[in-house]
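The chain contents come next:
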Amino acid sequence: MSKGKSVVLGFLVGASVSAGVTLLSTPESGRQLRNRVKDQSMELGNLLYSLKEESLKLKNQLLRTSKEGAVLVRELTEEMRKSVEDWRDTVEPHQENIHQSLEQIESSIKELESKLNSSN
C-alpha cells in the first residue's frame, strides 16, 4: 500500500472510531440530538434573518440621514454666505468713516504722548 493510501485509510478509520465513540458517549438519544440540532439551527436562522432585517433598516436610516445632512449643510452654507454678504454691505459704506476715526484717535494719542513727554 502506498503512503497516501495509508494516510487516507488512517483518517477514515479515525473518523469512524471518533464518530462511534461520540454517539455512544452522548447522553441523549439520536432523536433528541437531531431535534436539538434542528431547533438550534432554526434559532440561528431566525437570528440571521433578524440581523439582516436590522442591517437593512440601519442602511436605509443612514441613507436618509446622509441626504438630510447634505441638505442641511447646503442650507447652512447658503445662510452663512448671505450673512457675510449682509455684514459686508452694512460695514462697507462705513468703512471709510471707521478708518478716518481710527486715524483721528491715533493722532490724538500721539499728541497726548508728545504733550506728556514735553511736560516731563
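Please read these numbers as outputs of a predicted model, since none were measured by experiment.

K.L.:
Any chance you could explain the overall build of the protein chain here in plain terms?
P.N.:
Along its length, the protein chain carries 2 helices and 0 strands. Considered along the principal axes of its C-alpha atoms, the protein chain spans approximately 120 × 40 × 35 Å. Burial status across the protein chain gives 0% buried among its 120 residues. When the accessible surface of the protein chain is totalled, it reaches about 11,200 Å², and 61% of it is carbon and sulfur. Positive and negative side-chain charges in the protein chain, numbering 17 and 18 respectively, have mean positions lying 24 Å apart.

K.L.:
Help me understand the environment of Val37, please; the structure alone is not making it clear to me.
P.N.:
Within the secondary structure layout, Val37 lies in helix H2 (residues 30–119). Since its relative accessible area comes to 47%, Val37 is described here as partly exposed. Linking Val37 and Glu111, residues 74 residues apart in sequence, is a C-alpha distance of 98 Å.

K.L.:
What should I look at first to understand a nonpolar patch on the surface in this one?
P.N.:
On the surface, Leu9, Val13, Val17 and Val21 cluster together to form a nonpolar patch covering roughly 340 Å² of accessible area. Along the chain, the position of Val13 falls in helix H1 (residues 3–25).

K.L.:
So what exactly am I meant to see when it comes to the environment of Asn35 here?
P.N.:
By the element assignment, Asn35 lies in helix H2. Taking relative accessible area as the criterion, Asn35 reaches 41% and is therefore assigned partly exposed. Distance from Asn35 to Glu85, taken between C-alpha atoms, is 74 Å for residues 50 residues apart in sequence.

K.L.:
Honestly, the pattern of salt bridges in this entry has me stumped. Any pointers?
P.N.:
When charged atoms on two side chains of opposite charge get close, those side chains can pair. Following the criterion strictly, the structure yields 5 salt bridges and no others. Here Asp86 makes a salt bridge to Lys82, at a shortest N to O gap of 3.4 Å. With Asp86 and Lys82 both in helix H2, this residue pair falls 4 residues apart, about one helical turn. By relative accessible area, which is 37% here, Asp86 ends up partly exposed.

Calculation criteria
- Residues numbered from 1 in each chain as written.
- Predicted model: local features only at pLDDT ≥ 70, side-chain atom pairs only at ≥ 80, totals over all residues.
- Heavy atoms only, no water.
- Helix = DSSP H or I, 4+ residues; strand = E, 2+ residues; numbered from the N terminus.
- Buried < 20%, exposed > 50% of the residue type's maximum accessible area, 1.4 Å probe, protein only.
- Areas by Shrake-Rupley, 256 points an atom, 1.4 Å probe, with all protein chains shown as cover.
- Lys, Arg positive; Asp, Glu negative; His and termini not counted.
- Charge placed at Lys NZ, Arg CZ, Asp CG, Glu CD.
- Patch = residues over 30% accessible without salt bridge, like charges linked within 9 Å, V, L, I, M, F, W, Y side chains within 5 Å.
- Salt bridge = Lys/Arg side-chain N within 4 Å of Asp/Glu carboxyl O.

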